[in-house]
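Letter by letter, the chains look like this.
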Amino acid sequence: KKKKLCIRTDMASEALNLKKINNKSEVIYLDRIKISKTIVNSSLSKKINKKEGIYYELDIKECDILDTDDIKLIEENLSKVIRNVIEYENIDINNSKCLIIGLGNASVTPDSLGPLVTENVIVTRHMFMIAPNDVSEGINNVCALSPGVMGTTGIETLDIVNAILKKIEIDYLIVVDALASMDVTRVNKCIQVSNTGIYPGSGVGNSRKEISFETLGIPCIAIGIPTVVDAITIVSDTINYMHKHYSYS
């Protein structure tokens with residue numbers, strides 16, 4: 001028997017389109033950014049093979065990621081979306097402790113998103129430990145970690161996170177990882193934020209143990225950006241572009 005070609009995607013919106021499901025999503029436009037919110041219930045979860053929860057998607061195709069003003073615009077709107085998900089999980093952002101986990105392999109460009117994020121996080125947990133009374137208002141308790149990948153550590157990421165949670169008090173996780181898309185135009189051009197947790201390595205087809213509320217017992221907010229697409233997607237898009245080109249010529 002011939003194997004069916006399976007187009008892989010970590011994007012909830014693409015999974016819906018792939019199954020041709022017309023699910024009503026809330027869509028708003030803020031300047032040049034399109035923000036959509038999709039709620040996946042238990043019935044929909046089984047159809048598209050995505051966990052139940054809320055999925056935000058920020059479409060930033062109209063923004064120039066090399067322009068300072070556009071970068072600020074993206075940061076502001078991403079911050080609002082993350083805050084909305086935190087509030088949805090009933091987390092008191094000003095009185096809670098957050099651990100940011102950057103998943104991925106820093107030595108592999110399309111899988112280095114997580115480690116790059118943790119390198120740029122302003123960690124503050126040590127400030128609360130050393131001089132809590134001197135911490136300015138509005139600064140939250142944040143720590144960060146890039147646990148590497150099982151191929152280099154020999155340890156499941158979930159086991160590393162579990163070990164940390166046994167040692168230090170954490171109220172919620174923010175997990176950052178590279179995602180897979182079925183659309184070349186989405187690579188580095190959209191951001192997905194959800195409250196469903198994540199499978200480390202899913203973006204590069206090497207899923208490990210799930211990091212989620214179910215496995216850790218605390219809210220897990222997942223942030224991802226598509227950095228890879230299947231070869232079949234690239235070939236298919238190339239053929240379609242060539243067909244359009246020759247049709248007009």
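Please refer to the structure placed before this passage.
A. Structural context of the overall build of the chain. Broken down by element type, the chain carries nine helices and eight strands. At 19 Å, the chain has a C-alpha radius of gyration in line with the 18 Å of a compact globule built from 249 residues. Projected onto its principal axes, the C-alpha positions of the chain cover 70 × 45 × 40 Å. Relative to its full complement of 249 residues, the chain shows a buried share of 45%. For the chain, contacts bridging at least 24 residues in sequence account for 70% of all contacts bridging at least 6. Surface exposure of the chain reaches about 14,600 Å², of which carbon and sulfur atoms provide 53%. Each charge class in the chain can be summarised by its mean position, and for the 28 positive and 31 negative side chains these summaries are 11 Å apart.

B. How the structure looks around the layout of surface pockets. In this structure, the largest pocket encloses a volume near 1,400 Å³. In terms of lining residues, the largest pocket is bounded by 38 residues, among which Leu78, Ile82, Val117, Val121 and Ile223 are the most central. Contributing elements (two or more residues each) for the lining of the largest pocket: helix H3 (68–88), strand S4 (97–102), helix H4 (113–119), strand S6 (172–181), strand S7 (190–194) and strand S8 (220–229). The dominant element in the lining of the largest pocket, judged by the number of residues it contributes, is H3, at eight residues. Along the lines of polarity and charge, the residues of the lining of the largest pocket split into 26 nonpolar, ten polar and two charged.

C. Geometry of the pairing of S8. The element S8 is largely enclosed, with a buried count of nine among its ten residues. Alignment of S6 against S8, held across nine bridges, turns out to be parallel. Looking at S8, one finds that Ala178 is bridged to Ile225. Strand direction decides the pairing type here: S7 and S8, joined by three bridges, are antiparallel. The residue of S8 that forms the bridge with Gln192 is Gly224.

D. Spatial organisation of the sheet that holds strand S2 (residues 33–40). Read from one edge to the other, the open sheet built from eight strands follows the order S1-S2-S3-S7-S8-S6-S4-S5, with strand pairing classed as mixed. On the outer flanks of this sheet lie strand S1 (26–30) and strand S5 (141–145), each paired with one strand and no other. Between one strand axis and the next, the sheet turns through 20° on average, direction left out of account. Sitting on the sheet, H3 is in contact with S1, S2, strand S3 (53–59), S6, S7 and S8, with an inclination near 175° to S3.

E. Spotlight on the environment of Asn84. For Asn84, the location among the structural elements is in helix H3. Along the primary structure Asn84 and Ile33 are separated by 51 residues, whereas in three dimensions their C-alpha atoms are 17 Å apart.

F. The arrangement of the pattern of salt bridges in detail. The tally for this structure, following the rule as stated, stands at nine salt bridges. For Arg32, the salt bridge is made with Asp70, and the minimal N-O distance between the two is 2.9 Å. In this pair, Arg32 sits in the loop between S1 and S2 while Asp70 sits in helix H3, placing the two residues 38 residues apart along the sequence. For Asp70, a relative accessible area of 7% puts it in the buried group. When salt bridges with common partners are traced through the structure, they connect Glu14, Glu57 and Arg186 into a single cluster.

G. Quick look at the nonpolar core. Counting 28 residues, the largest nonpolar core has Ile33, Tyr172, Ile174 and Val193 as its most contacted members. When residues of this core are traced back to their parent elements, those giving at least two are S2, S3, H3, S4, S6, S7 and S8. Considering every element that reaches this core, the biggest residue donor is H3, with seven residues. If you look at the next biggest cluster of nonpolar residues, it comprises 21 residues, including Ile164, Ile168, Leu173 and Ala222.

H. Local environment of helix H7 (residues 157–167). Of the residues making up H7, those classed as buried are Thr157, Leu158, Ile160, Val161 and Ile164. The buried residues of H7 all sit within an arc of 160° when viewed along its axis, so they share a single face. Exposed residues on H7 whose side chains face more than 90 degrees from its buried face are Lys166 and Lys167. Those residues of H7 hidden inside the fold are in contact with S4, S5, S6 and helix H8 (213–216).

I. Looking closely at H3. Over its 21 residues, H3 runs 30 Å from end to end, which matches the ideal 30 Å to within 8%, given 1.5 Å per residue. Listed in full, the buried residues belonging to H3 are Asp70, Leu73, Ile74, Asn77, Leu78, Val81, Ile82, Val85 and Ile86. In this structure, the buried residues of H3 make contact with S1, S2, S3, S6, S7 and S8. Where H3 begins, one side-chain oxygen reaches toward the backbone nitrogen of Asp69, 3.0 Å away; that side chain belongs to Asp67. Taken from the residues just after H3, Asn90 is the one with a positive phi, measuring 60°.

So, how was this worked out
- Residues numbered from 1 in each chain as written.
- Predicted model: local features only at pLDDT ≥ 70, side-chain atom pairs only at ≥ 80, totals over all residues.
- Heavy atoms only, no water.
- Helix = DSSP H or I, 4+ residues; strand = E, 2+ residues; numbered from the N terminus.
- Rg over C-alpha atoms; globule rule 2.2 N^0.38 Å.
- Buried < 20%, exposed > 50% of the residue type's maximum accessible area, 1.4 Å probe, protein only.
- Contact = heavy atoms within 4.5 Å.
- Areas by Shrake-Rupley, 256 points an atom, 1.4 Å probe, with all protein chains shown as cover.
- Lys, Arg positive; Asp, Glu negative; His and termini not counted.
- Charge placed at Lys NZ, Arg CZ, Asp CG, Glu CD.
- 1 Å grid on protein atoms, 1.4 Å probe; cavity = no way out; pocket = protein on both sides within 12 Å on 5 of 7 lines; lining within 4 Å.
- Points joined across faces, edges and corners; volume = space filled by probe spheres on them.
- Nonpolar A, V, L, I, M, F, W, Y, C, P; charged D, E, K, R; others polar.
- Pairing = 2+ DSSP bridges.
- Axes fitted to C-alpha atoms, helices over the stretch in contact; angles between N-to-C directions.
- Salt bridge = Lys/Arg side-chain N within 4 Å of Asp/Glu carboxyl O.
- Core = buried A, V, L, I, M, F, W, Y, C linked by side-chain atoms within 4.5 Å.
- Arc of directions from axis to C-beta.
- Expected span 1.5 Å × (residues − 1).
- Polar contact = N/O pair within 3.5 Å; in protein donor to acceptor, adjacent residues only side chain to side chain.

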